Amino acid sequence: MRGHDRINRYLPDELILEIFRHIDSKSSHDACSLVCKRWLDLERLSRDTIRIGASGSPDALVKLFARRFVNVRNVYIDERLSISLPVQLGRRRGGDQSTLPSLKLHYVADKGGSEDREMESYCLSDAGLTAVGEGFTKLEKLSLIWCSNVTSVGLKSIAQKCSSLWSLDLQGCYVGDQGLAAIGECCKQLEDLNLRFCEGLTDTGLVELAMGCGKALKSLGVAACAKITDVSLEAVGSHCRVLETLSLDSEFIHNKGVLAVAKGCRLLKVLKLQCINVTDEALQAVGIFCLSLELLALYSFQRFTDKSLCAIGKGCKKLKNLTLSDCYFLSDKGLEAVAAGCSELTHLEVNGCHNIGTSGLESIGRSCTHLSELALLYCQKIGNCALSEVGRGCKYLKALHLVDCSSIGDDAICSIAEGCRNLKKLHIRRCYEVGNKGIIAVGENCKFLTDLSLRFCDRVGDEALIAIGQGCSLHHLNVSGCHQIGDAGIIAIARGCPQLSYLDVSVLQNLGDMAMAELGESCPLLKDIVLSHCRQITDVGLAHLVKKCTLLESCHMVYCPGITAAGVATVISSCANIKKVLVEKCKVSQRTKRRAGSIISYLCVDL
């Protein structure tokens, strides 16, 4: 009844808080906070996450949020971007995140030393980090991405105030050994630590951390830390017995450090290495001691051979994900050993390993029947027979990526299409032997395909896309540089794939306004379209496209001579959700600029 508050009178705080946590809509959540002061206070209690991008005064924001939201457990601060971002406040249990008004970044006009001092105020400082520690005493997860003004002083305050911290990301922060040692001394529950690009650290800091909280540490990432050596990894091997994930990118790590980790961290499940001075000896130890390994990624390894993969295949029976990138001395023998020993493999990426050929991949197809994703990049020696074997043996394959594989053609794609009918994603780029025959087979057999990319496959034409339109319901299509595709193919896609949300038809010289009109009629969910370098598309086609594609968010139309300033204005005025337009500067009128205001972000390209 009007004038009677039956909700506040009878419902306790705990029940209202639980209701707030189950509200999915951001607008509904914000509306609840405006009902009354009690609901505003309770809504603030339900927040457990804050996100701060690059802004004019992060220190002030932190202090403000600390007063308002006392139950925050997760803080994310990312200063990689030089523009102002909205501050997002998350609720517990994965609800939508509400957004406060953006804090505009006021660019400094003065020159000299005053400019440097003023610019420093736009970055989180030790004072701000101290405020984080004092304001969010329940903090469990802290991410400081490229917060370059933060030092050990701020990190010490976090360690002393936030003893429940279990996840810490310091990527790009110039913190020193004292701060890391304090974390080790005070944060005994720390499980996840990222030290990528922390150039101020030495072995001293990481050793003290390992000694202090190593018993709980499960994940460690180190990259581009020139003063972190094998000494640190020996400490990790000795004190971090439950470590499950290790990511190393360093030219200063040698066999000694990796050997120590392999012998000491026998629960290791994920290992990512980009260490040019690590050889077979270290990888063989991984195969002997790390029997629970599930993911192995090796990048730019130039000093190890098939002996390493033979050891992995022999010992790591639980391996599911393998990435081999620029490993020049690996051959089919190593891949055959993995296939023989790691039958649970589900993901395989081979990138630039020029000595791996057809027989190695054939063994994968015969033995790894649970393979769900395969990526072959710059593999000139892998031919049709390899993918034919994959098609016969890997019935659960859902994603296939092929880049610059000159020996793979239609026969291989036909085998994949006929054998892997659960395929959902197919990306092919610059595989010049793939043509209509293979893609038609995909359309006829792969009914679950939703993501198709055929960039610069110039033997693929309209006939192939007609088959795709008749057999698949695509959400994502990229046919950039496929010169034989014209209106007929894109019209077939539009009619057969009404769920299409992304389309890249750039550099299609035969594509015109008829295709644009059909897309406008048949694809109302389209959000992103790339039309650059399409010489036959004009303002008329563009008008038909945007008339009913009301959800359009981005439109790239650089170097389309048939599109004028009038066409650009049509896009801006017709698409309420537009966020980015890529177009030549000369085609943006002053009126269009005024209409766009700050909502649209477009890149101006001079002719």
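Residues numbered from 1 in each chain as written. Predicted model: local features only at pLDDT ≥ 70, side-chain atom pairs only at ≥ 80, totals over all residues. Heavy atoms only, no water.

Draft legend 1. How the structure looks around the packing of helix α8 (residues 152–161) against helix α9 (residues 177–186). Orientation of α8 relative to α9, taken along the N-to-C sense of each, is 5°, at an axis distance of 8 Å. Looking at the two axes, α8 sits roughly parallel to α9. Contact residues: Ser152, Leu155, Lys156, Ala159 and Gln160 in α8; Asp177, Gln178, Gly179, Leu180, Ala182, Ile183 and Cys186 in α9. For the contact of α8 with α9, a count of residues per class yields six nonpolar, four polar and two charged. (Axes fitted to C-alpha atoms, helices over the stretch in contact; angles between N-to-C directions. Helix = DSSP H or I, 4+ residues; strand = E, 2+ residues; numbered from the N terminus. Parallel < 35°, antiparallel > 145°, perpendicular 65-115°, else oblique. Contact = heavy atoms within 4.5 Å. Nonpolar A, V, L, I, M, F, W, Y, C, P; charged D, E, K, R; others polar.)

Draft legend 2. Quick peek at the nonpolar core. Among the nonpolar cores identified, the biggest contains 176 residues, and Leu376 and Met557 are the most heavily contacted of them. Apart from residues no more than four positions distant in its own chain, methionine 557 is found in contact with Leu531, Ser532, Leu542, Ile563, Val568, Val571, Val581, Leu582, Val583 and Glu584. Counting residues in each nonpolar core, the second largest holds seven residues, with Ile16, Leu17, Phe20 and Leu42 among its members. (Core = buried A, V, L, I, M, F, W, Y, C linked by side-chain atoms within 4.5 Å. Buried < 20%, exposed > 50% of the residue type's maximum accessible area, 1.4 Å probe, protein only.)

Draft legend 3. Region of the structure containing the state of the cysteines. Under the definition given, this model contains zero disulfides. You can see cysteine 225 has no disulfide; the closest cysteine sulfur is in cysteine 198, sitting 5.4 Å from it. Among the residues examined, cysteine 225 registers a relative accessible area of 2% and is labelled buried. Cysteine 316 provides the cysteine sulfur closest to cysteine 342, a residue in no disulfide bond, and the two sulfurs are 6.6 Å apart. (Disulfide = S-S within 2.5 Å.)

Draft legend 4. Representation of unusual backbone geometry within the structure. For histidine 533, which is not glycine, the phi dihedral falls at a positive 65°. Positionally, histidine 533 belongs in the loop between β20 (528–530) and α23 (539–548). Given a relative accessible area of 35%, histidine 533 falls into the partly exposed group.

Draft legend 5. Spatial organisation of the pairing of strand β2 (residues 74–78). The sheet contact formed by strand β1 (residues 47–52) and β2 spans four bridges and is parallel. Bridge pairing links isoleucine 50 to valine 75 in β2. (Pairing = 2+ DSSP bridges.)

Draft legend 6. Spatial organisation of the side chain of serine 532. Structurally, serine 532 can be placed in the loop between β20 and α23. For serine 532, a relative accessible area of 8% translates into the label buried. At 3.1 Å, the side chain of serine 532 and the backbone nitrogen of valine 558 are in polar contact. (Polar contact = N/O pair within 3.5 Å; in protein donor to acceptor, adjacent residues only side chain to side chain.)

Draft legend 7. A look at the environment of leucine 397. Along the chain, leucine 397 turns up in the loop between α17 (384–393) and β15 (399–403). Residues leucine 397 and leucine 371, spaced 26 residues apart in sequence, show a C-alpha to C-alpha distance of 5.7 Å. If we skip the residues at most four places from it in the chain, leucine 397 touches Leu371, Ser372, Glu373, Leu374, Val390, Ile416, Cys420, Asn422 and Leu423.

Draft legend 8. Up close: the pattern of salt bridges. Inspection of every chain in the model, using the stated rule, returns 13 salt bridges. One salt bridge in this structure joins aspartate 41 and lysine 37, with 3.1 Å as the shortest N-O distance. Pair noted here: aspartate 41 and lysine 37 are both in helix α4 (residues 37–45), with a separation of four residues, about one helical turn. With relative accessibility at 32%, the residue aspartate 41 sits in the partly exposed group. Classification of lysine 37 as exposed rests on a relative accessible area of 62%. Of the charged contacts, one joins glutamate 584 and lysine 587 as a salt bridge, the two residues approaching to 3.7 Å between their closest N and O atoms. (Salt bridge = Lys/Arg side-chain N within 4 Å of Asp/Glu carboxyl O.)

Draft legend 9. Looking closely at helix α13 (residues 280–289). Along α13, the residues that are buried comprise Asp280, Ala282, Leu283, Ala285, Val286 and Gly287. For α13, the elements touching its buried residues are α12 (255–264), β10 (270–274), β11 (295–299) and α14 (306–315).

Draft legend 10. Expanded view of the environment of cysteine 523. Examined against the element boundaries, cysteine 523 turns out to sit in the loop between α22 (513–522) and β20. In this structure, the C-alpha to C-alpha distance between cysteine 523 and leucine 545, residues 22 residues apart in sequence, is 9.1 Å. Here cysteine 523 is in contact with Ala494, Cys497, Pro498, Leu500 and Cys549, once residues within four sequence places are set aside.

Draft legend 11. Just the packing of α23 against helix α24 (residues 565–574), in detail. Contact geometry for α23 and α24: axes closest at 9 Å, N-to-C directions at 5°. Between α23 and α24, the interaxial angle falls into the category roughly parallel. Residues Asp539, Leu542, Ala543 and Val546 of α23 lie in contact with α24, whose contacting residues are Ala566, Gly567, Thr570, Val571 and Ser574. Here the residues of the contact of α23 with α24 are counted per class, giving five nonpolar, three polar and one charged.

Draft legend 12. A look at the packing of aromatic side chains. Per the stated rule, a full pass over the model turns up three aromatic pairs. Judged by centre distance (5.7 Å) and plane angle (75°), the rings of phenylalanine 20 and tryptophan 39 are edge-to-face. Linking phenylalanine 20 in helix α2 (residues 13–21) with tryptophan 39 in helix α4, this pair joins segments that are 19 residues apart in sequence. Side by side, phenylalanine 20 and tryptophan 39 carry an identical accessibility label, which is buried. Taking the ring centre of tyrosine 76 as reference, the NZ or CZ of arginine 51 above it sits at 4.3 Å. (Phe/Tyr/Trp six-rings, centres within 6.5 Å; stacked < 30°, edge-to-face > 60°. Lys NZ or Arg CZ within 6 Å of the ring centre and 35° of its normal.)

Draft legend 13. Spatial organisation of the pairing of strand β13 (residues 347–351). Both strand β12 (residues 321–325) and β13 contribute to a ladder of five bridges, which runs parallel. Looking across to β13, one finds that serine 325 is bridged to asparagine 351. Crossover β12 to β13 through helix α15 (residues 332–341) is right-handed. Where β13 lies against strand β14 (residues 373–377), five bridges are found, and the strand directions are parallel. Along β14, the bridge assignment pairs glutamate 349 with alanine 375. Remark: the β13/helix α16 (residues 358–367)/β14 crossover connection has right-handed handedness. (Right-handed = clockwise from strand over helix to strand, strands pointing away.)

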